Amino acid sequence: MDIDMEQYDQLYRLYKSVDTTTLRGYQEFVDLFPPLSSTVALEQWETASDRLDALKSDITDEFPGTGETYAEIAARLTRDEAFTALDLYSKYDRSVNVLVLDVDETLRSAGDTDNEIPRDTLYLLTQFHEAGVPIVVCTGQTLENVKGFMIQGLGNDLVSSGQMSIVYESGNGVFTPKHGEDTKRLLYERLDGAVVDVFETVRRRVLSEAPDAVGKRCHLQGNEFNVTLKPNAEVGSDNAVEIIDESLRYLCGLVGDAIATQVDAEVDDPAGYARAYFSRDPEILDVLAASDLSTDADIDDAPEAFRDILERVDLGYYEGDAAELVSLELDKSAGVEEAFDVLGIDDPFALVMGDSKSDLRVMRWVDENDAGIAAAPAHSSPDVLDHVSSRDDLVYEAGDASTVLRTIYGISLVEQLDEQGE
């Protein structure tokens, strides 16, 4: 769609003639610091609110017919965010109708937000919710962990509203309150029994047979299905990196052994085949190579039944954070499709925000289906950054997810301008 140049001209005029920095300051104060019991604080809030209304009224008078929308744009978006929103609307001719959000190192960052979702990000999520935009939280964490911190941040009413879905354990399950028998869908129950048995075998053996370098230095995350090893050290520390690297090497061999047991076939070097297969991931290859473990086995020499199961699972490596066994048949994109189905979103145009290769699968899925756009923090994996940069370049600094959320919210405001001009 070709947006009439008048809208670009009007935005230029708006940001040239209005002190939008001051206006946004009042808006943020009113939004994030609501009236308190203190009389002085209440008076400060009321003064800021009155000043905000006056500044918005001036914009409304200056732009007859569209002034209220321009006032909202000026009060909530920087100049760059506003023009990016207009560009995105011009390109896609629609606004976002669902959010698909990773959490760790996407909405929150251990290094930049003390592992808390910032208040302005939480506020923007409530704004989307109030505007009728469903939210799909898509994470590798357990359901109970995700429910806990989302309720703490957004409140139980929003989380249990029926318009929020949680895709947990990277797509093994989908939890959508207030949807009857569809409230919880366990996707892992649909897997072939042989694959399920491999996961159960690995879970049973992973700590009991682990060498001290793993067993005494990490713990098993309480997943329903995935097998995830976490360090008994501060995430991201040098100690945690060492622990997870050693855990990945061990887990790689254990998966090969478990598959060989399951298929009940003669397999010369199941651990070697597993290392060769998983080392196709460059990050995993580097970890294996650092301990001189061979990755040269020819996977084509393995029995067909062994290869069949091996090619249906994957190892996830998150430096200094986790090493885990996952199913390739159950990933975040499969979980997101299920969430859309439960939420009744049959024509999605999603914002997908994430930083890892599991998020990249969702980004690629929406891209291939013309069903959305992608955004990522600057510290994301190289493949994620390549994908995002080559599309709309919605890359933001760690802990600053609100920049993208404001821009996406701005698309709906630009859409209102377009409708008002018809």
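Since the structure is predicted, the reported quantities are computational estimates derived from the model, not experimental observations. (Residues numbered from 1 in each chain as written. Predicted model: local features only at pLDDT ≥ 70, side-chain atom pairs only at ≥ 80, totals over all residues. Heavy atoms only, no water.)

Caption draft 1: Region of interest: the nonpolar core. Grouped together as the largest cluster of nonpolar side chains are 71 residues, with contacts concentrated most on Val100, Val202, Val255, Phe278, Phe306, Leu315 and Phe340. Tallying contributions element by element places helix H11 (residues 238–263) first for this core, with 12 residues. Counting only domains with at least three residues in this core, you end up with domain 1 (96–187 + 329–395) and domain 2 (197–325). Counting 65 residues, the second largest nonpolar core, distinct from the first, contains Ile59, Phe128, Tyr168 and Tyr396. (Core = buried A, V, L, I, M, F, W, Y, C linked by side-chain atoms within 4.5 Å. Buried < 20%, exposed > 50% of the residue type's maximum accessible area, 1.4 Å probe, protein only. Helix = DSSP H or I, 4+ residues; strand = E, 2+ residues; numbered from the N terminus. Domains from an automatic or database assignment.)

Caption draft 2: Structural detail: the pattern of salt bridges. Inspection of the entire model under this criterion finds 27 salt bridges. The closest approach of N and O atoms between glutamate 144 and lysine 147, which form a salt bridge, is 4.0 Å. You can see glutamate 144 and its partner lysine 147 sitting in helix H7 (residues 143–154), 3 residues apart, about one turn around the helix. The class of glutamate 144 is exposed, set by a relative accessible area of 54%. With a shortest N-O distance of 2.8 Å, aspartate 281 and lysine 357 are connected by a salt bridge. In this pair, aspartate 281 is assigned in the loop between helix H12 (270–278) and helix H13 (282–289) and lysine 357 in helix H16 (residues 357–368), connecting sequence segments 76 residues apart. Residue class for aspartate 281 comes out buried when judged on its relative accessible area of 16%. Its relative accessible area of 29% is what places lysine 357 among the partly exposed residues. Connected through shared salt-bridge partners, Asp182, Arg185, Arg190, Glu338 and Asp341 make up one network. (Salt bridge = Lys/Arg side-chain N within 4 Å of Asp/Glu carboxyl O.)

Caption draft 3: Representation of the packing of helix H3 (residues 39–62) against helix H4 (residues 67–76). Closest axis-to-axis distance for the H3/H4 pair is 7 Å, and the angle between their directions is 135 degrees. Our classification of the angle between H3 and H4 gives oblique. Note that H3 runs across H4; the crossing there is right-handed. Taken together, the residues of H4 that come into contact with H3 (itself represented by Lys56, Ile59 and Thr60) are Gly67, Glu68, Tyr70, Ala71, Glu72, Ala74 and Ala75. (Axes fitted to C-alpha atoms, helices over the stretch in contact; angles between N-to-C directions. Parallel < 35°, antiparallel > 145°, perpendicular 65-115°, else oblique. Left-handed = near helix turned anticlockwise from the far one by under 90°. Contact = heavy atoms within 4.5 Å.)

Caption draft 4: Focus on the domain arrangement of the protein chain. Under the domain assignment, the protein chain is made up of domain 1 (96–187 + 329–395) and domain 2 (197–325). Look at where the C-alpha atoms of domain 1 and domain 2 centre, and you get two points 27 Å apart. On the domain 2 side, the residues contacting the 14 residues of domain 1 number 12 residues. Here domain 1 meets domain 2 over a buried area of about 990 Å², counting both sides, of which 33% is carbon and sulfur. One can count 5 salt bridges joining domain 1 with domain 2. Salt-bridge contacts for glutamate 329 lead to arginine 312; the nearest nitrogen and oxygen are separated by 3.2 Å. On inspection of domain 1 and its partner domain 2, the count reaches 9 residue pairs in polar contact (both at pLDDT 80 or more). When contributions to the side of domain 1 that touches domain 2 are tallied by element, the ones reaching two or more residues are strand E5 (184–186) and H16. Taken together, the residues of the side of domain 1 that touches domain 2 break down into 2 nonpolar, 7 polar and 5 charged. (Buried area = accessible area lost by both parts, 1.4 Å probe. Polar contact = N/O pair within 3.5 Å; in protein donor to acceptor, adjacent residues only side chain to side chain. Nonpolar A, V, L, I, M, F, W, Y, C, P; charged D, E, K, R; others polar.)

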